Amino acid sequence: MADEKHPPESAADLNRRAFFVKLGLGSLSIAAAGTAVFAYQFLSPNVLYEPSPTINAGNPESYPVDSVTLDVNSGIYIIHAKEGFFSLSAVCTHLGCLTAWKPDLGIIACPCHGSRFQQNGQKIEGPAPKPLPWKRMWVNDDGDLMVDRSTDIRPLQFVRV
Amino acid sequence: MAKTVTQYFDDLRDTRVWRSIFRSGTGTSTLHRSLAIQQNVFLHLFSTKVRRRMVSVGATWYLGTLTLGTFLILVITGILLMLYYHPSVPQAYADAKDLQFVVSSGLFLRNLHRWSAHAMVFLVFAHMFKVFYRGAYRPPREFNWVIGVILLLITLLLSYTGYLLPWDQLAFWAITVGSNIASAVPLLGNRIHFLLLGGNSVNANALLRFYVLHCMILPLTAIFFIAIHFWRIRKDGGLYAHPSEPATLRARAAAVGKEAQ
């Protein structure tokens, strides 16, 4: 009988092979996922040697009324309006270029792609999707103006000295 | 009778050392010439036989070969520039200026690297236009077109990463703008931006990452895909010939023949 010479492989054998194939592929998948997590964590620095987000902008009296002062290194404006002091981000909300105050036009303009903003950060025109954000500002114990660049606040919150 | 140069060369090819390196040995039979191609690690990527008209200038304008030429120039000049360039914030700009004004032939090498980079981008596009308008991208060569698109992207990324390395104002703002474009990707944008720069702004980590990408990761990836690209030419039936071209060539040959009479 042919069946006696070549018995069909038992279901148990097939299952064992399939089991080990699945075990192997499963282990490889877990290892691949682990490698991806490892790579992501390795590529994300845990400690950054970047400048502090908090800026000491100095004595309020050094900013005359109706003045807009750009701090190039920290990328913020210190603005002394009639209502009081406030700080605007000087980084364009389009693609991150440093904007500039145009005293003769009374506007903030971006040199890269032509976005224009009002003195209070409102967008006038250009590709920028959002107004320039207001940054948290306060006066410290020494009477110096402080700005936290990492914290946006709602507009029109003036600091009066 | 004095030996000719060819005979000296044949003697050289018959020596034991030569035969240990190049297995095909002497002889000019079709078999020997095929073996000379097949048994060389570089040449075996290419077809052993090619039709004469397919290696004529008109068939391809040699645009792919010229692209490879600029790539080789970029690898050689780039390695030489690496000997004087430190990818660190205090030194990068000064090193670029030193290469221009202090290092012997530094200006020549830096300019050769820059102009070859421009030429390579131009040649890649020209090569792709030529392939496209001849219809050489069609089956069975469609996968090699995909490899070509990957090589185009690698070429552009090499240009982009190299742009930061002089560490001047142009470089800084170009990479600021470019990396902010990456953060426009939905959901993952800010993470990509952070991983690309190794921080929140273009700074020391960004310079080092772009340097490693520019000098190691991207060139090695490019070489990997270039090898596949060449090998696929052979596997997809050799250099492409448009079906109408033999007739065109015969007509042109006949016209030349008439002028000669």
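For every chain, the first residue of the written sequence is number 1, and numbering continues from 1 onward in sequence order. For naming, the first written chain is A and the first written ligand is 1, with later ones following in the order written. Per-residue local features are limited, in this predicted model, to residues with pLDDT of at least 70; the limit for side-chain atom pairs, both in listing and counting, is 80 or more; totals at the level of whole chains, interfaces and linings are taken over all residues.

A. Main features of the interface of chain A and chain B. Contact definition: two residues whose C-beta atoms, as placed from backbone geometry, lie within 7 Å. The interface of chain A with chain B comprises 9 residues on the first partner and 13 residues on the second. In this classification, Asp, Glu, Lys and Arg are treated as charged, Ala, Val, Leu, Ile, Met, Phe, Trp, Tyr, Cys and Pro as nonpolar, and every other residue, Gly included, as polar. The residue makeup of the side of chain A that touches chain B, split by class, is 6 nonpolar, 2 polar and 1 charged.

B. Inspection of the sheet that holds strand β2 (residues 67-71) of chain A at higher detail. Residue and element names in this part refer to chain A. Strands are labelled as partners when DSSP assigns at least two bridges between them. Put simply, DSSP marks the helices as runs of H or I at least four residues long and the strands as runs of E at least two long, and each gets a number from the N terminus on. On the basis of which strands lie adjacent, the open sheet formed by 6 strands has the order β1-β10-β9-β4-β3-β2 and antiparallel pairing. For this open sheet the edge positions go to β1 (54-58) and β2, each flanked by a neighbour on one side alone. When strand polarity is set aside, the average angle formed by the axes of neighbouring strands in this sheet is 30°. Strand direction decides the pairing type here: β2 and strand β3 (residues 76-81), joined by 5 bridges, are antiparallel. Here the axes come from fitting lines to C-alpha atoms, over the contacting stretch only for helices, and the angles between their N-to-C directions go from 0 to 180 degrees.

C. Structural detail: the sheet that holds strand β8 (residues 123-125) of chain A. Overall, antiparallel pairing links the 4 strands, which are arranged β5-β6-β7-β8 (chain A) in an open sheet. In this open sheet, the two strands that pair with only one neighbour each are β5 (100-102) and β8 of chain A.

D. Region of interest: the nonpolar core. Connectivity within a nonpolar core runs through C-beta atoms within 7 Å, and the core itself is a set of buried Ala, Val, Leu, Ile, Met, Phe, Trp, Tyr and Cys residues. As a rule, residues whose C-beta atom has 12 or fewer other C-beta atoms within 10 Å are exposed, those with 20 or more are buried, and those in between are partly exposed; C-beta atoms are placed from the backbone. A:I76, A:Y77, A:F86 and A:L88 are the most contacted members of the largest nonpolar core, which has 21 residues in total. Every element with two or more residues in this core is listed here: β3, β4 (84-89), β9 (134-139) and β10 (145-153) of chain A. When residues in this core are grouped by element, the largest group, 4 residues, is from β3(A). If we skip the residues at most four places from it in the chain, A:L88 touches A:I76, A:Y77, A:I79, A:G121, A:L132, A:W134 and A:K135. Counting residues in hydrophobic clusters, the runner-up holds 18 residues, among them B:L81, B:A92, B:I175 and B:A206.

E. Representation of the packing of helix α5 (residues 63-82) of chain B against helix α7 (residues 106-134) of chain B in the model. All names here are of chain B. Two elements in contact, α5 and α7, have axes whose closest approach is 8 Å; the angle formed by their N-to-C orientations is 155°. Between α5 and α7, the angle falls in the class roughly antiparallel. The element α5 and its partner α7 pack so that their crossing is left-handed. For the contact of α5 with α7, the residue count by class is 15 nonpolar, 8 polar and 2 charged. Roughly parallel refers to an angle under 35 degrees, roughly antiparallel to one over 145, roughly perpendicular to one between 65 and 115, and oblique to any angle outside these ranges. Helix crossings get a hand from a simple test, with the near helix turned counterclockwise from the far one by less than a right angle marking a left-handed crossing and a clockwise turn marking a right-handed one.

F. Examining the pairing of β9(A) more closely. All names here are of chain A. The pairing of β4 with β9 spans 2 bridges and is antiparallel. Within β9, the residue paired with L88 across the bridge is W134. Two elements, β9 and β10, share 6 bridges in a ladder whose sense is antiparallel. Paired with K135 across the two strands is D152, which belongs to β10. Hairpin connection of β9 to β10: 5 residues between the antiparallel strands, including G143 at a positive phi of 85°.

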